[in-house]
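Understanding the architecture of this molecule
For reference, the chains in residue letters:
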Amino acid sequence: PLSYQGIVAMTEEQQAIVETAKAFAAEHVRPFAAQWDRDAHFEPSLVGKLGELGFLGMLLPEEFGGLGLDAKSYLLALEEIAAADASVAVMMSVHNSLPTQMLNTHGTPEQKRRFLTPLAKGELLGAFALSEADAGSDASAIRCQAVRDGNDWIVNGSKAWITSGTHAGVIIAMIRTDTPEARRKSKGISAFILTPDLPGFHVGKKEDKMGMRASPTVTLTFDNMRVPADRMLGAEGMGFIYAMQSLVHGRLGIAAQAIGIARAAFEAAVAYANERKQFGTPIAEFQGVQFKLADMATRITAARAMLHETATAKDAGAEVDAQASMCKLFASETAMWVTTQAIQIFGGYGYVKEYPVEKYFRDAKVTEIYEGTSEVQRIVIGRAVSAGA
Ligand code: CAA
Ligand code: FAD
């Protein structure tokens, strides 16, 4: 198979992180992934185990219990976990990229002490609640409403599609704080730190999904939920902007996840093509099959190179909003294409659950949908590249 180590330039520290992630995935994730997929089972013990490794605080400062790593190290680890099970990777990606980043950037010292430190150690799992049933791509059209009542906010409404919503101890939710009479669109939304113990917080319907089945996706309902005013994160009216900023991290994470899925499908296809004989020879000997493998490897390598370059630029302080969208767009479309080719190389055996490639294909699809659909990524990129000088 293509030498993964050989094509990624890594520091010694990054190599050690990749080895740790690989070993963790081999012991705690890969052997169980097919069963978790069949049962739609989320394995809660993974949160503590990932926390012990520091994998739930990879980007956070050491003073809050994080590892203080660079983005590339984190994305390399995420790729390894995704190659074993994309469901575990999305839990890790959302946690590291969205709620913890928002708290780290906008939290008060008290909010960080209370929420960020346990999140960094994996004592609490994080979730991010922006989408609603009627507001997905058009995210500033959310309707969930907070009304001020003395030292509290009273919140009513529902959030849809919340990854890890069943087990999250901290949910950063974007909620309207303007009034129906004076709507301020994206400027009328604030970010709140929610915890499941708040009166009026309910976990609703769990989605029965095509793929990513070991990652619970649920509706959260707020019924006159009383939220203390000190749970507001950052400035009133800035929640949408903060969410958009954190999605830049998030989209890099989803790109790494998509690359992990694609790589797993590619590696399975190479192994199978060398084993499977037709016309008296391993099918890997046929140029028609080799061309597919060549294109799969090329696209994966390109997606990863783009991701690492963007991550490195981001760490150096560059604004990479459009590039992050490019990474997510290209990596997710690569994952969909590569997993389709992998099934083709497996022939009929690719279409049944005895082999893992049909799962990779089902898991890959959602990377083109969540954290902004491919069309939304094209909107972000299109606006950036078509703007006049
Ligand atoms: N950084 C800072 N500010 C930003 C920003 C960014 N990255 N993106 C937008 N803004 C600001 C804009 O500058 C604008 O401010 P002004 O009004 O002062 O100019 C304001 O936010 C509104 O922005 P737009 O006018 O661009 O908003 P829009 O209504 O046209 O929508 C959009 C833009 C790109 C389509 C956006 O709504 C979007 O990204 N939609 C997709 C939502 C999404 O990705 N949801 C993911 C949910 S999380 C998830 O899915 C988790 C998971 O998978 C596991
Ligand atoms: P819609 O916005 O209704 O889009 C439908 C179609 O119309 C898409 O093809 C879209 O691209 C297209 N479209 C819409 N507007 C335009 C336009 N202007 N131009 C061109 N095409 C357009 N959200 C969270 O907040 N937190 C989470 O943790 C989370 N986890 C998720 C996990 C899963 C498994 C899934 C499936 C979703 C999750 N989401 C989460 C929600 C996700 O971000 C949304 O599903 C996504 O943003 C798309 O929104 P929508 O489903 O409402 O589709």
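Residues numbered from 1 in each chain as written. Chains lettered and ligands numbered in written order. Predicted model: local features only at pLDDT ≥ 70, side-chain atom pairs only at ≥ 80, totals over all residues. Heavy atoms only, no water.

Let's talk about the overall build of the protein
When helices and strands are tallied, the protein shows 13 helices and 10 strands. Relative to a compact globule of 389 residues, whose C-alpha radius of gyration would be 21 Å, the protein shows 21 Å and is just as compact. On the principal axes, the C-alpha backbone points of the protein span a range of 80 × 50 × 40 Å. The buried share of the protein, taken over its 389 residues, is 57%. Sequence-distant contacts in the protein: of pairs separated by 6 or more residues, those separated by 24 or more amount to 74%. Approximately 16500 Å² of the protein is accessible, and the part contributed by carbon and sulfur atoms is 54%. Across the protein, the mean location of the 38 positive side-chain charges is 4 Å away from that of the 44 negative side-chain charges. (Helix = DSSP H or I, 4+ residues; strand = E, 2+ residues; numbered from the N terminus. Rg over C-alpha atoms; globule rule 2.2 N^0.38 Å. Buried < 20%, exposed > 50% of the residue type's maximum accessible area, 1.4 Å probe, protein only. Contact = heavy atoms within 4.5 Å. Areas by Shrake-Rupley, 256 points an atom, 1.4 Å probe, with all protein chains shown as cover. Lys, Arg positive; Asp, Glu negative; His and termini not counted. Charge placed at Lys NZ, Arg CZ, Asp CG, Glu CD.)

Examining the site of ligand 1
Close contacts around ligand 1 come from 25 residues, with Lys187, Arg251, Tyr370, Glu371 and Arg383 the closest. Protein burial of ligand 1: of its 1100 Å² of free accessible surface, 70% is covered by the chains. Looking at the shell around ligand 1, the elements that each hand over two or more residues are helix H6 (86–97), helix H9 (239–275) and helix H13 (374–386). Among the elements that take part in the shell around ligand 1, H9 stands out by supplying 6 residues, more than any other. Class assignment for the residues of the shell around ligand 1 results in 12 nonpolar, 8 polar and 5 charged. (Near = heavy atom within 4 Å. Nonpolar A, V, L, I, M, F, W, Y, C, P; charged D, E, K, R; others polar.)

A look at the site of ligand 2
Looking at ligand 2, there are 18 residues lining it, with Ser131, Ser137, Trp161, Thr373 and Glu375 nearest. In the environment of ligand 2, a nitrogen atom lies 2.7 Å from a nitrogen or oxygen atom belonging to the side chain of Ser131. With respect to ligand 2, the side chain of Glu375 contributes an N or O atom lying 2.7 Å from an oxygen atom. In isolation ligand 2 has 990 Å² of accessible area, and contact with the protein removes 65% of it. Those elements that place two or more of their residues in the shell around ligand 2 are strand E1 (126–129), strand E3 (152–163) and H13. Ranked by residue count, the leading element in the shell around ligand 2 is E3, at 3 residues. For the shell around ligand 2, the per-class residue count stands at 9 nonpolar, 6 polar and 3 charged. (Polar contact = N/O pair within 3.5 Å; in protein donor to acceptor, adjacent residues only side chain to side chain.)

A closer look at H9
Spanning 37 residues, H9 covers 53 Å between terminal C-alpha atoms, matching the ideal 54 Å at 1.5 Å per step. Of all the bends found along H9, the most pronounced is centred on Val248 and spans about 30 degrees. Of all 37 residues that make up H9, 29 are buried, and the element is covered over most of its length. (Expected span 1.5 Å × (residues − 1). Bend = angle between axes of the 7 residues up to and from the residue.)

Examining the side chain of Arg231
For Arg231, the location among the structural elements is in the loop between strand E7 (217–228) and strand E8 (232–233). Buried within the structure, Arg231 lacks any salt-bridge partner; Asp197 is the closest side chain of opposite charge, at an N-O distance of 4.6 Å. (Salt bridge = Lys/Arg side-chain N within 4 Å of Asp/Glu carboxyl O.)

Details of helix H4 (residues 45–53)
Those residues of H4 not exposed but buried are Leu46, Val47, Leu50 and Gly51. Taken end-on, H4 shows its buried residues confined to a sector of 135 degrees, consistent with a single buried face. Packed against the buried residues of H4 are helix H2 (12–29), helix H3 (33–39), H6 and helix H8 (109–121). (Arc of directions from axis to C-beta.)

Quick word on the UniProt feature "domain: Acyl-CoA dehydrogenase/oxidase N-terminal" (unreviewed entry) in the protein
Residues annotated in UniProt with the feature "domain: Acyl-CoA dehydrogenase/oxidase N-terminal" (unreviewed entry) correspond here to residues 11–123. In the segment residues 11–123, helix accounts for 72% and strand for 0%; the C-alpha atoms at its two ends are 29 Å apart. (UniProt positions renumbered as here; feature names shortened; annotations may be inferred.)

As for the packing of helix H7 (residues 99–106) against H9
With their axes 9 Å apart at the nearest point, H7 and H9 run at an angle of 120 degrees to one another. On the basis of their axis angle, the class for H7 and H9 is oblique. Pair H7 / H9 crosses with right-handed handedness. Contact residues: H7 offers Gln101, Met102 and His106, while H9 offers Gly239, Tyr242, Ala243, Gln245, Ser246 and His249. In terms of residue class, the contact of H7 with H9 is made up of 3 nonpolar, 6 polar and no charged. (Axes fitted to C-alpha atoms, helices over the stretch in contact; angles between N-to-C directions. Parallel < 35°, antiparallel > 145°, perpendicular 65-115°, else oblique. Left-handed = near helix turned anticlockwise from the far one by under 90°.)

A word on the packing of aromatic side chains
Two aromatic rings, taken as a pair, are described by how far apart their centres are and by the angle between their planes. Under the criterion given, the structure shown has 8 aromatic pairs. Taken together, a centroid distance of 5.8 Å and an interplanar angle of 75 degrees make the contact between Trp153 and Phe192 edge-to-face. Residue Trp153 is located in strand E3, and its partner Phe192 is located in strand E5 (residues 189–194); the two are separated by 39 residues in the primary sequence. A single burial state applies to Trp153 and to Phe192, both of which are buried. (Phe/Tyr/Trp six-rings, centres within 6.5 Å; stacked < 30°, edge-to-face > 60°.)

Looking at the pattern of salt bridges
Taken as a whole, this structure holds 21 salt bridges when the rule is applied. Close ionic contact of Lys159 with Glu132 constitutes a salt bridge, the shortest N to O distance being 3.0 Å. Linking Lys159 in strand E3 with Glu132 in the loop between E1 and strand E2 (145–149), this pair joins segments that are 27 residues apart in sequence. Classification of Lys159 by relative accessible area gives buried; the value is 0%. Salt bridges linked by common partners bring Lys22, Glu79, Glu80, Arg263, Glu267 and Arg304 together as one network.

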